[in-house]
Amino acid sequence: MYDDNCTFCKIIKGEIPSTKVYEDDKMYVFKDIEPKAKVHLLAIPKDHFKLLSEMNGQRAMVIAYMLSKIPQIAADNGCANGYRLVVNQGDDAGQTVNHLHIHILGGENLPW
Ligand code: 5GP
Ligand code: ZN
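Residues numbered from 1 in each chain as written. Chains lettered and ligands numbered in written order. Predicted model: local features only at pLDDT ≥ 70, side-chain atom pairs only at ≥ 80, totals over all residues. Heavy atoms only, no water.

1. What about the coordination of the zinc ion (ligand 2)?
Condition: A donor here means an N, O or S atom no more than 2.8 Å from the metal, or no more than 3.2 Å when the metal is Na, K or Ca. Since water is not included, a site may seem to lack partners. The geometry test gives tetrahedral to four donors whose angles all lie between 85 and 135 degrees, gives square planar to four donors and octahedral to six donors whose opposite members are over 155 degrees apart with all other angles between 65 and 115, and gives irregular to the rest. The helix count covers DSSP runs of H or I at least four residues long, the strand count covers runs of E at least two residues long, and both are numbered beginning at the N terminus. Exposure is judged per residue with a 1.4 Å probe applied to protein chains only, and the accessible area is read against the type maximum: over 50% gives exposed, under 20% gives buried, and values in between give partly exposed.
The coordination sphere of the zinc ion (ligand 2) contains the protein donors C6 (SG), C9 (SG), H48 (ND1) and H99 (ND1), at a distance range of 2.0 to 2.3 Å. Taken together, the four donor atoms coordinating the zinc ion (ligand 2) span angles of 106 to 116 degrees at the metal, a pattern that classifies the geometry as tetrahedral. All donors to the zinc ion (ligand 2) come from one chain, and their sequence spacing reads C-x2-C-x38-H-x50-H. Placement of C6 in the segment before α1 (7-13) and of H99 in the loop between β4 (83-86) and β5 (102-106) is noted, with a sequence separation of 93 residues between them. Exposure remark for C6: the relative accessible area of 6% places this residue in the buried category.

Quick look at the structure:
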């Protein structure tokens, strides 16, 4: 469930402070500490795993659930005009935190 050495697990548990914008029993959404757009949120499952290749039926249900919740969360946080989702996977993508996370970017006309 949790990995004791994982920054995002510590954020979920409240051991590292974060600016939470949404939480329920399956997911947690907070502001990225180094925003790459006017709005930059991170949506994470409460279950710790790194890669989509570690998917199983339960995790797939949680990811589908997260995707179903993200439109309203994005709209409530300044992305009513659109947003971009990014999921970095592994070293070549520059994944720096080993807990699957969906970047939600928006709040402006994204330049790329
Ligand atoms: P990655 O490059 O792994 O896809 O993205 C990791 C993201 O997590 C980065 O955008 C980085 O700014 C963010 N991040 C890393 N550590 C923390 C933290 O302790 N708090 C918050 N709010 N964001 C973090
Ligand atoms: Zn974790």
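2. Re the pattern of salt bridges
The line we're drawing: Between Lys or Arg on one side and Asp or Glu on the other, a salt bridge is scored when a side-chain nitrogen of the former is within 4 Å of a carboxyl oxygen of the latter.
Applying the stated criterion across every chain yields a total of six salt bridges. The salt bridge partner of K13 is E15, with a shortest N-O separation of 3.8 Å. Among the salt bridges present, the one from D25 reaches K26, with a minimum N-O distance of 3.4 Å. Residue D25 is classed as exposed on the basis of its relative accessible area of 58%. The network of salt bridges with common partners includes D4, K13 and E15.

3. Some details on the packing of aromatic side chains
What counts, and what does not: Stacked, edge-to-face and tilted labels apply to pairs of Phe, Tyr and Trp rings (six-membered ring for Trp) whose centres lie within 6.5 Å, assigned for plane angles under 30 degrees, over 60, and everything in between, in that order. Geometrically, a lysine NZ or arginine CZ counts as sitting over a ring once it is within 6 Å of the ring centre and also within 35 degrees of the ring normal.
Applying the stated criterion to the full structure yields two aromatic pairs. Relative to F30, the ring of F8 lies with its centre 5.3 Å away and its plane at 80 degrees, an arrangement referred to as edge-to-face. Taken together, the residues F8 in helix α1 and F30 in strand β2 (residues 27-31) connect sequence positions 22 residues apart. The exposure classification of F8 matches that of F30, with both residues buried. Measuring from ring centre to ring centre gives 5.8 Å for Y28 and F30, while their planes differ by 55 degrees; the resulting arrangement is tilted. Overall, the relative accessible area of 6% leaves Y28 in the buried class. Over the face of the ring belonging to Y65 we find K26, whose NZ or CZ atom lies 4.6 Å from the ring centre.

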